[in-house]
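# Overview (structure and organization)
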Amino acid sequence: NAGVTQTPKFQVLKTGQSMTLQCAQDMNHEYMSWYRQDPGMGLRLIHYSVGAGITDQGEVPNGYNVSRSTTEDFPLRLLSAAPSQTSVYFCASTLLPAGTKSEQFFGPGTRLTVL
Amino acid sequence: QQQVKQSPQSLIVQKGGISIINCAYENTAFDYFPWYQQFPGKGPALLIAIRPDVSEKKEGRFTISFNKSAKQFSLHIMDSQPGDSATYFCAAIYGGATNKLIFGTGTLLAVQP
């Protein structure tokens, strides 16, 4: 299994440009999520999905869109990039718990710079 | 507003020493407390986790101590090694069928040889 994969690894955008960060997992996990990591702030949840066709907002959803058309893929879209979105983005996935919590597996991250 | 407060921000420990990282929370709805380890350029990976009905959990050199009444928990790394140098995040998850992780701000640990 490849686990959780993310592309691209690095990206530089100009203010106002749009782009999609790709995330895929091959573990048949129902739950997928996107986090951003900023210095001194830890990781903050952007959006998450509990299954195909179901998404919801996390702590910092503004400026980001998601969709979940398949179990495997969970892309994150920046509609109009802003310098405040410069960050490292991580995708994660896990089995939904059946009365218990389960480990979240993180991808390697995408480092995004918005000029 | 940080729901999970973590300290210290950075920590330097000599090889063989004990590394201690502390976290505190306010929301009693949290019912699962994992610790994640992150190496430079990599995503976080689960290290160890505890439920609030247990006061201590040990896995090898890593121990979580949990104080439910004080709403605090800590990670102890015994016999710290240079390979333990990484960023450590405590986290919390709400009760119920959810996997929404709330992270602390992270501790950068450097173990000097």
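A quick note: this is a predicted structure, and the numbers were derived from the prediction, not measured. (Residues numbered from 1 in each chain as written. Chains lettered and ligands numbered in written order. Predicted model: local features only at pLDDT ≥ 70, side-chain atom pairs only at ≥ 80, totals over all residues. Heavy atoms only, no water.)

Overall, the coordinates contain 18 aromatic pairs over all chains when judged by the stated rule. A centroid spacing of 6.1 Å and a plane angle of 25 degrees characterise the contact between Tyr25(B) and Phe66(B), whose relative ring orientation is stacked. Within this pair, whereas Tyr25(B) is found in strand S3 (residues 19–25), its partner Phe66(B) is found in strand S7 (residues 62–67), the two being separated by 41 residues in sequence. Phe66(B) matches Tyr25(B) in its accessibility class, with the two residues each being buried. Between Phe30(B) and Phe33(B) the ring centres are 6.4 Å apart and the planes differ by 80 degrees, which places this aromatic pair in the edge-to-face class. Like Phe33(B), Phe30(B) is buried. Every member of this aromatic cluster is reached through a ring pair, and the members are Tyr25(B), Phe30(B), Phe33(B), Trp35(B), Phe66(B), Phe73(B) and Tyr94(B). Over the ring of Phe74(A) we find Arg68(A), and its NZ or CZ is 5.9 Å from the ring centre. (Phe/Tyr/Trp six-rings, centres within 6.5 Å; stacked < 30°, edge-to-face > 60°. Helix = DSSP H or I, 4+ residues; strand = E, 2+ residues; numbered from the N terminus. Buried < 20%, exposed > 50% of the residue type's maximum accessible area, 1.4 Å probe, protein only. Lys NZ or Arg CZ within 6 Å of the ring centre and 35° of its normal.)

Quick look at the sheet that holds strand S3 (residues 19–25) of chain A now. Residues and elements named next belong to chain A. With antiparallel pairing, four strands are arranged side by side in an open sheet as S1-S3-S8-S7. A strand with exactly one partner marks an edge of an open sheet, and here the two such strands are strand S1 (4–7) and strand S7 (64–66). On average, each strand axis in the sheet is tilted by 20 degrees relative to the strand beside it, whichever way the strands run. Judged from the four bridges that link them, S1 and S3 form a sheet pairing that is antiparallel. Bridge pairing in S3 links Gln6 to Cys23. (Pairing = 2+ DSSP bridges. Axes fitted to C-alpha atoms, helices over the stretch in contact; angles between N-to-C directions.)

On average, residues of chain A score 93 in pLDDT, and 97% of them are at 70 or above. Model confidence for chain A, summarised as mean pLDDT per element, is weakest for strand S5 (residues 42–51) of chain A at 92 and strongest for strand S8 (residues 76–78) of chain A at 98. (pLDDT = per-residue confidence, 0-100.)

Let us look at a nonpolar patch on the surface. Together, Val50(A), Ile54(A) and Leu96(A) line one region of the surface with nonpolar side chains, adding up to about 200 Å² of accessible area. With respect to the helices and strands, the residue Val50(A) is situated in strand S5. (Patch = residues over 30% accessible without salt bridge, like charges linked within 9 Å, V, L, I, M, F, W, Y side chains within 5 Å. Areas by Shrake-Rupley, 256 points an atom, 1.4 Å probe, with all protein chains shown as cover. Salt bridge = Lys/Arg side-chain N within 4 Å of Asp/Glu carboxyl O.)

All right, on to the interface of chain A and chain B then. At the junction of the two partners, chain A supplies 24 residues and chain B supplies 24 residues. Between chain A and chain B, roughly 1800 Å² of surface is buried when both sides are summed, and carbon and sulfur atoms account for 54% of that area. Three residues, Leu43(A), Lys101(A) and Phe106(A), lead the burial of chain A against chain B; their summed loss comes to 34% of the area buried on that side. At the junction of chain A and chain B, the tally comes to zero salt bridges. At the boundary of chain A and chain B, one finds two residue pairs in polar contact (both at pLDDT 80 or more). A total of four residues in the side of chain A that touches chain B trace back to one element, the largest contributor, which is S5(A). Looking at the side of chain A that touches chain B residue by residue, the class counts come to 12 nonpolar, nine polar and three charged. (Contact = heavy atoms within 4.5 Å. Buried area = accessible area lost by both parts, 1.4 Å probe. Polar contact = N/O pair within 3.5 Å; in protein donor to acceptor, adjacent residues only side chain to side chain. Nonpolar A, V, L, I, M, F, W, Y, C, P; charged D, E, K, R; others polar.)

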